[in-house]
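A look at the structure
This is what each chain is made of:
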Amino acid sequence: MTGPIAIPPLHLGRGLRLLKVRLVQRSGEVEEYDFSKAATTVLTGPRNSSKTTTFKVIDYCFGGRGSVAEDLGAAIDEKYTAFSVDIAIDGKRYRLLRDSGFGRRGRVQIDGDTDLPVGEVSDWLLGKLGWPSLAIPLGRNASTATQQTPLTFRS
């Protein structure tokens, strides 16, 4: 008889790694999904088991610009008061928090001390990753375009 298989600790390495997703209910109960246990995570489950909602929460924490109801749905807005993702960028851990408190809906708090408007989260992520900020010319001919649209982290 053999004992349990030892799982080596996860090496965070370079790039971005999603570690945890948290949803805080209005009752105070916390739902947490831990993605740090293995190198790869697959979300499976029956219909209405929060697979799509989990992905929407991740996107929302990375700077979704709509309200909770717009980005996640009215039922989620009614049930939850805060959402967060724990990530690692080049091995350094960060927590990005969105909450629905008064004056907080358009902001992302990073590690409890940095507070950014949602429109600046992409630049923060790109900077931490060392990725360039890019813009795409608007129009049929790039050489004559008079406007550009930024390519954000989320896009």
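Anyway, here's the lowdown on the structure attached to this text. Here the structure is a predicted model, which means the values were calculated and not measured.

Let's talk about the overall build of the protein chain
Looking only at helices and strands, the protein chain features four helices and eight strands. Secondary structure elements of the protein chain, listed N to C terminal, follow the sequence β-β-α-α-α-β-β-β-β-α-β-β. Long-range contacts, defined here as pairs at least 24 residues apart, represent 45% of the contacts in the protein chain between residues at least 6 apart. For the protein chain, the exposed area adds up to about 10,000 Å²; of that, 53% sits on carbon and sulfur atoms. Computed over 21 positive and 17 negative side-chain charges, the separation of the two mean positions in the protein chain equals 4 Å.

Topic: helix α4 (residues 118–129)
Along an α-helix, a turn takes 3.6 residues, which lines up residues three or four apart on a common side. Here α4 is 12 residues long and its end C-alpha atoms lie 18 Å apart, about the 16 Å a rise of 1.5 Å per residue gives. Burial in α4 covers these residues: V118, V121, S122, W124, L125, L126 and L129. Two residues or fewer past α4, G130 is found with a positive phi of approximately 75°.

A closer look at the environment of T40
If you trace the backbone, T40 turns up in the loop between β2 (30–34) and α1 (51–61). Overall, the relative accessible area of 61% leaves T40 in the exposed class.

Description of α1
When we look at burial in α1, the residues that qualify are T53, T54, V57, I58, Y60 and C61. Looking down the long axis of α1, one finds its buried residues gathered within 165° of arc, a one-sided arrangement. α1 presents T52 and F55 as exposed residues on the side facing more than 90 degrees away from its buried surface. In the stretch just after α1, G63 is the one whose phi turns positive, near 120°.

Observations concerning a nonpolar patch on the surface
Among the surface-exposed residues, L134, I136 and L151 lie close enough to one another that they form a single nonpolar patch of about 250 Å² accessible area. Tracing the backbone shows L134 in strand β7 (residues 134–137). For L134, a relative accessible area of 47% translates into the label partly exposed.

Overview of the packing of aromatic side chains
Tallying each qualifying case throughout the model produces five aromatic pairs. Each ring, one from Y80 and one from F83, has its centre 5.9 Å from the other, and the planes form 50°; the classification is tilted. Each of the two residues, Y80 as well as F83, counts as buried. Ring geometry for Y94 against W124: centres 5.0 Å apart, planes inclined by 90°, an arrangement best described as edge-to-face. Of the two residues, Y94 is situated in strand β4 (residues 92–99) and W124 in helix α4; the sequence distance between them amounts to 30 residues. Note on Y94: relative accessible area 8%, which makes it buried. Its relative accessible area of 15% is what places W124 among the buried residues. Of the aromatic side chains, those joined through ring pairs into one cluster are Y60, Y80 and F83. Above the face of the Y60 ring, R98 is positioned so that its terminal group lies 3.8 Å from the ring centre.

Here's the deal with unusual backbone geometry
We note that S50 has phi near 80°; this positive angle belongs to a residue other than glycine. Tracing the backbone shows S50 in the loop between β2 and α1.

What counts as what
Residues numbered from 1 in each chain as written. Predicted model: local features only at pLDDT ≥ 70, side-chain atom pairs only at ≥ 80, totals over all residues. Heavy atoms only, no water. Helix = DSSP H or I, 4+ residues; strand = E, 2+ residues; numbered from the N terminus. Contact = heavy atoms within 4.5 Å. Areas by Shrake-Rupley, 256 points an atom, 1.4 Å probe, with all protein chains shown as cover. Lys, Arg positive; Asp, Glu negative; His and termini not counted. Charge placed at Lys NZ, Arg CZ, Asp CG, Glu CD. Expected span 1.5 Å × (residues − 1). Buried < 20%, exposed > 50% of the residue type's maximum accessible area, 1.4 Å probe, protein only. Arc of directions from axis to C-beta. Patch = residues over 30% accessible without salt bridge, like charges linked within 9 Å, V, L, I, M, F, W, Y side chains within 5 Å. Salt bridge = Lys/Arg side-chain N within 4 Å of Asp/Glu carboxyl O. Phe/Tyr/Trp six-rings, centres within 6.5 Å; stacked < 30°, edge-to-face > 60°. Lys NZ or Arg CZ within 6 Å of the ring centre and 35° of its normal.

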